[in-house]
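Understanding the architecture of this molecule
Listed below are the residues making up each chain.
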Amino acid sequence: MFHIDKRILNFLVIITLTIFSFAWTFFIFHKPFDWFLVLTVIALRMISSLILFKDFSLSWSKATQKTFILKSIVYITPFFLYAPYFHGEVRFALLASELFLFVFSVNFLMYSYYFIVNRSKVQKTKRVVIYGAGKAGMKLEEEFRPSKYKVRYFIDDDKIIQGRSIDGIRILSKENFKEKAKKYDLLVIAMPSATQEQINSVYKELKEYFTEIQILPSLEEILRDKDFSTQLKDISVEDLLARHPKDLDKQRIENFIKDKVVLITGAGGSIGSEISRQCKKFGAKQLILVDHSEFNLYSITDELNSNIVVPVMQTVRNFGFLEETFKKYKPEIVIHAAAYKHVPLVEGNILEGISNNIMGTKNCIDLAIKYKAEKFVLISTDKAVRPTNVMGTTKRICELYAQNINTDKNTEIVAVRFGNVLGSSGSVIPKFKSQIEKGGPITVTHPDITRYFMLIPEACELVLQAASIGKGGEIFILDMGEPIKIVDLAKNMIELSGRNEIEIEYCGLRPGEKLYEELLINDSDMKTQYESITVASPTKYDIEKLNKDIEELLVCEDKIAKLKEIVPEFNHNNLKDK
């Protein structure tokens, strides 16, 4: 195929448009055509095009706003050479008028070429509306041009731009859009910084107008070097429930973690693995990942793929083996996420729950003190508040031990209490997804049951933030927002799946389960400098008595009675006994 050198094409454009613009300008100003002036200007423009920004090589088919600016600079620069030279011979107004006409003609020709070359030949079969007329929305509209999607409208909450348009596409308010009352194929929520309340509002108000709703990831998750359109995902229940804390202090977390040796127990679990990711992100010097599950430990080690990671396949119940790990690596920060958390399973395996949760925690705390770790962080749960099950009671005993153990001020021990995290192993959301995929029904224990929810990454970042401000002996409580009715969650998931034929069945509360969880014990809890983090009032318990009680708990026959003795507020709700 025959190709013409780019420089020759560029020079032909300069020559043709310069002659045209001067011919028109001379005609308007009633002046004779001056070849010397025209040839001088052509020569200077050619030289400028060769020297400045490699103008001759700028691609017209890939032109951007920056390209138009560069073109203008290239052809305005020679003006400051020839305008003074011809001053007195040619009117300044004539030269300026020709320059503006020439620059306009070049840019108009380039944009026309860009538009024709890039105009999609794909048939537009899908009608799409973009919610958000900011940078993300505009980028999506540009990416949709060569696709089957035809962008019909932008919707935006900013009243200043409502009623305007972007490249001929109108910007509407939600109210104006709803007045049109048509059914469209796709709504794209292009607001990476949107809050959960905003996303919920958009979904609830506009879902009836669209066959499908997709959303861009959050600012933290979005990959800026990839097309936004390839990162769109179907709106999920996690998007509707996600809470993005406004007082997340990442600088403080980095100062806490950076260049430290961090040991994480339960490192392969939902919480432990995310804390491992966060610690790597915030610059830990070394990560000692402890987990008794071979597969989980392999998975997180393979994912992190870093020479700072040391996988240790151990159970926290074996004090001797665990001590070897502490002695060898001498962690500065210990984050204890290892625990049995599934309420019905622990109800059926009480001794294992006590051994793993209480003795495992005690082993980790004792070793952190012995080997002078700077900070120990216990991951606790809302089920430790006025517990109705064995799991919650074991975690409450862990909190009591963490608060009352004598550390000689060498090790600061704190606990962080929060509710359910979205998508964790054994949680209700993966279960509901599985039931929907199988065609239902979705099983809910009770129509009034509620739970707190938070995204795993945000919960883990707040855990690290809380730990960074702890001085020892605190139980920090994360703000989980308002509790969610599980039946409403099930209904949302059915609606999002588009399988409205799926039914909800109530199967009754399971052993140890209660209708609602609590995060606070009483109203005497204190605020911290962060709105999302509160400190629970301390509970005193003689540590010698607690140690003796734990020893008796391991060997006694009636473990429920002993648990109630240690935690008087424990009101066992074992439905098997009823």
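First, a word on what this report is: a plain description of the structure on this page. Here the residue index of a chain counts from 1 through its sequence in written order. Reporting in this predicted model follows two pLDDT cut-offs: at least 70 for local features of residues, and 80 or more for side-chain atom pairs to be given and counted; totals over whole chains, interfaces and linings ignore these cut-offs and use all residues. Side-chain measures were taken over the full set of non-hydrogen atoms in the model, leaving aside hydrogen atoms and water.

**Focus on the packing of aromatic side chains**
Worth spelling out the cut-off: Centre distance within 6.5 Å is the pairing criterion for rings of Phe, Tyr and Trp, where only the six-membered ring of Trp is used; planes under 30 degrees apart are then read as stacked, over 60 as edge-to-face, and the remainder as tilted. Under the scheme applied here, a residue whose accessible area is under 20% of the maximum for its type counts as buried, over 50% as exposed, and between as partly exposed, the area being computed with a 1.4 Å probe on protein chains only. As a reminder, the over-ring test applies to NZ of lysine and CZ of arginine, requiring each to be within 6 Å of the ring centre and within 35 degrees of the ring normal.
Summed over all chains, the structure comprises 19 aromatic pairs. Judged by centre distance (5.5 Å) and plane angle (35 degrees), the rings of F177 and Y184 are tilted. Y184 shares its class with F177; the two are buried. A connected cluster of aromatic rings, assembled from ring pairs, spans Y153, F177, Y184, Y209 and F210. Here the guanidinium or amino end of R45 rests over the ring plane of F102, the centre of that ring lying 3.9 Å away.

**Concerning the pattern of salt bridges**
Inclusion rule: By convention in these notes, a salt bridge is any Lys or Arg side-chain nitrogen within 4 Å of a carboxyl oxygen on Asp or Glu.
Applying the stated rule across the entire model yields 21 salt bridges. Bridged by salt links that share partners, the residues K545, D549, E552, K562 and E565 form one connected network.

**Focus on helix α10 (residues 250-257)**
One full turn of an α-helix is made of 3.6 residues, so residues set three or four places apart face in the same direction. Test applied: Elements are defined by DSSP. Helices are runs of H or I of four residues or more, strands are runs of E of two residues or more, and each kind is numbered from the N terminus. Arc, as used here, means the arc of the directions from the helix axis to the C-beta atoms.
Those residues of α10 that fall on the buried side of the exposure criterion are I253, F256 and I257. End-on view of α10: buried residues confined to an arc of 85 degrees, all on one side of the axis.

**Considering the sheet that holds strand β18 (residues 475-478)**
Sheet strands associate in pairs through backbone hydrogen bonding, adopting either a parallel or an antiparallel arrangement. For clarity, the threshold we go by: Being paired, for any two strands, means DSSP has found at least two bridges between them.
In spatial order, the strands read β10-β9-β8-β11-β12-β13-β18-β22-β21; together these 9 strands make up an open sheet with mixed pairing. Each edge of the sheet is formed by a strand with only one pairing partner; in this case those strands are β10 (309-313) and β21 (526-527). For strand β8 (residues 261-265) and strand β11 (residues 333-336), the ladder comprises 4 bridges, and the chain directions are parallel. Counted as the bridge partner of T265 is H336 from β11.

**Considering the pairing of strand β4 (residues 169-172)**
The pairing of strand β2 (residues 149-155) with β4 spans 2 bridges and is parallel. Bridging across to β4, I155 finds its partner in L172. As defined by bridge partners, strand β3 (residues 165-166) adjoins β4 across 2 bridges and the pair is classed as antiparallel. Bridge pairing in β4 links S165 to R170. Between β3 and β4, which pair antiparallel in sequence order, lie 2 residues; one of them, D167, sits at a positive phi of approximately 50 degrees.

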